[in-house]
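Residue-level structure breakdown
Okay, here's what each chain looks like letter by letter:
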Amino acid sequence: MRPQSGTSVAAFAAVASAKSLSDVCTLSNVKAALPADGILNGISLIPSSSTAAVVYNATLGGGMGPSTSTSGATYNYCNVTLTYTHPGKDDTVIVKYALPEPSDFKTRFYVAGGGGYSLSSDATGGLTYGAVGGASSAGYDALNGVSYDDVVLYGNGSINWDATHMFGYQALGEMTQLGKYFTKAFYSLADSSKLYTYYEGCSDGGREGMSQIQRYGEEYDGVVVGAPAFRYAQQQVNHVFPAQVEKTLDYYPPPCELAKIVNATIAACDPLDGRTDGVISRSDLCKLHFDMSSVIGEEYYCAAETSSSLGFGFSGAAAGAGSESSNKPAQNGTVSAKGVAVAKAIVNGLHNSKGQRAYLSWQIGSEFSDAATSWNNETQKWELDIPSTGGEFVTKFVELLDLDNLSSLDGVTYDTLIEWMTTAYNRYLDTLQTTLPDLTSFQSGGGKLIHYHGESDPSVPAASSVHYWQSVRSIMYPGLTDSQSLTQLADWYQFYLIPGAAHCGANSLQPGPYPQDNMETMIDWVENGIKPSRLNATVSSGDYEGEVQRLCQWPTRPLWHSNSTFTCVNDAKSIESWTYEFPAFKVPIY
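Residues numbered from 1 in each chain as written. Predicted model: local features only at pLDDT ≥ 70, side-chain atom pairs only at ≥ 80, totals over all residues. Heavy atoms only, no water.

Within an unreviewed UniProt entry, the label attached to the protein reads Carboxylic ester hydrolase, and the organism entered is Penicillium oxalicum. The UniProt entry for the protein carries this comment under Sequence similarities (unreviewed entry): "Belongs to the tannase family." (UniProt positions renumbered as here; feature names shortened; annotations may be inferred.)

1. Focus on the nonpolar core
Leu82, Tyr97, Tyr148, Phe182 and Tyr493 are the most contacted members of the largest nonpolar core, which has 128 residues in total. Here this core takes eleven residues from helix 5 (residues 161–186), the largest share from any one element. Apart from residues lying up to four places away in sequence, Tyr493 is in contact with Met210, Leu449, His451, Tyr468, Trp469, Val472 and Trp525. If you look at the next biggest cluster of nonpolar residues, it comprises 22 residues, including Tyr198, Cys202, Tyr452 and Leu551. (Core = buried A, V, L, I, M, F, W, Y, C linked by side-chain atoms within 4.5 Å. Buried < 20%, exposed > 50% of the residue type's maximum accessible area, 1.4 Å probe, protein only. Helix = DSSP H or I, 4+ residues; strand = E, 2+ residues; numbered from the N terminus. Contact = heavy atoms within 4.5 Å.)

2. Examining helix 6 (residues 204–216)
Its 13 residues place the ends of helix 6 17 Å apart at the C-alpha level, agreeing with the 18 Å of an ideal helix rising 1.5 Å per residue. Among the 13 residues of helix 6, twelve are classified as buried, and the element is accordingly described as predominantly covered. Buried within helix 6 we find Asp204, Gly205, Gly206, Arg207, Glu208, Gly209, Met210, Ser211, Gln212, Ile213, Gln214 and Tyr216. (Expected span 1.5 Å × (residues − 1).)

3. Some remarks on the packing of helix 5 against helix 6
Taken N-terminus to C-terminus, the directions of helix 5 and helix 6 make an angle of 70 degrees; their axes are 9 Å apart at the nearest point. What the angle tells us is that helix 5 and helix 6 run roughly perpendicular. Our pair here, helix 5 against helix 6, has a crossing hand that is right-handed. Residue-level inspection shows Phe167, Gly168, Tyr169, Gln170, Leu172, Gly173, Glu174 and Gln177 of helix 5 in contact with helix 6, the latter providing Asp204, Arg207, Glu208, Ser211, Gln212, Arg215 and Tyr216. Taken together, the residues of the contact of helix 5 with helix 6 sort by class into four nonpolar, six polar and five charged. (Axes fitted to C-alpha atoms, helices over the stretch in contact; angles between N-to-C directions. Parallel < 35°, antiparallel > 145°, perpendicular 65-115°, else oblique. Left-handed = near helix turned anticlockwise from the far one by under 90°. Nonpolar A, V, L, I, M, F, W, Y, C, P; charged D, E, K, R; others polar.)

4. Quick look at the domain arrangement of the protein
Along its sequence, the protein is carved into domain 1 (37–190), domain 2 (195–230 + 435–543) and domain 3 (234–308 + 323–430). Domain 1 and domain 3 are separated by 37 Å when their C-alpha centres are compared. Interface area, domain 1 with domain 3, both sides summed: about 990 Å², of which 59% is carbon and sulfur. When residues of domain 1 are sorted by the area they lose upon contact with domain 3, Tyr117, Asp149 and Leu153 head the list and together hold 41% of the total. At the boundary of domain 1 and domain 3, one finds zero salt bridges. The interface formed by domain 1 and domain 3 includes four residue pairs in polar contact (both at pLDDT 80 or more). (Domains from an automatic or database assignment. Buried area = accessible area lost by both parts, 1.4 Å probe. Salt bridge = Lys/Arg side-chain N within 4 Å of Asp/Glu carboxyl O. Polar contact = N/O pair within 3.5 Å; in protein donor to acceptor, adjacent residues only side chain to side chain.)

Below, the structure is given as structure tokens:
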């Protein structure tokens, strides 16, 4: 029986804690906790398909969910699966929940993001926080490793719109709405009791988090997103841009040549932030003061190797998604003017034939992952290698052909890339683009957002996050002074650039800091009112291993005064270097 409204949460928590896991993890309790038809609009439960099972001494799954290490920790929980359908559709959606034993439950609900074209299939991420966690099949068997790019087309020219909406935002939103209702009933909490709801994810998991803020903002109390792969139309096609630069300039640099340019850039720009530590903490200063032409003539050498490209999960394979293996011979030579021309064009970003900017690019000092060429043993030459991260998006999502990559770039120009972006923007504006800048429902409901991005991310450009933050600020606080809008925005939305960091993790080329306790920071903010002004990040390698840096909240930037102290400064030229407009498009690009 459900408790009556008005009874204290603490009282019900005490009652729930008095019960054992075996007491509550029963099929009868699960079925009794299901909402009746009509309570959750658009969701019709199938009670007969429900399951419940106690799991003892389980270790948590991996992925991009919890930021806290739980090495060696084990948990007991109730593994529940629920099944529902959308009225009027002959579909089946399975959701699973991991519910901690009553004594560990802290009235929290936790959603973890996935990566690439995959939603998270692991529901256990919340256990370390005393939270119920969930995962959804999205109606296309996502719980069993099926990724969205596997099912986006029914066949050539025919888009699976149900799967597109579910992957875009609907599956996680419904899983959260159902899960919150079910959790309260499962633990016999009052309808009016507070169930703190959190989200955490990076890469497409970051985009998924933004989709929830934008579409289901009132459901969430605290959201932590990293390097969100939103602005899908531009982001995905942009993966093809470096290959198009090489095709246009008719030069296919050995990977070692590009690596030399990157490493020389890091060495030259490292001291500009005030400390020489192998990290470009101010890529804006590097952009303003370093000319890559100075690297021309420097020698490079790389031993022969078998390697895998970074990929970063925008492909269907689950493990190492998007990665590609290749054999590379030993490489030696000197950096050429042509190699630097390729690097400069990539950093400058995509423009149309009229010279109008279409998109932003990776920060100077980032690895040129999407520009990697492949070695042809027959011709004994380095040749074009189109990244599947972008090529598959063009073939499947733009051209609507069931192909995993572009076969060539023959006949393709920079204008073609912009046409592909425009097609994708118009087609997926309400599903995958995920850049709605009005977050009023989230903000007005008391939601808090921590948004972070590695400054040297070679997959999703760091400026992509800066641009979205700027869009939210301008849309939600028009007419206010800079100081007023910054103060009001920081009360609920804080953005941090991570010096030298790569995509959703530390950078092997730059031994900089990376945040480890974001969710604990968020919980303190939401539940205890402790608003952060800086973000903790720990250096995991190099001369400063173990150092904890308090990262600067954007738009301030770090400036080191010694090897141990830095301040967060305002720099108008820095902010200007991060600010972009896109006149190649006739519509606003948020």
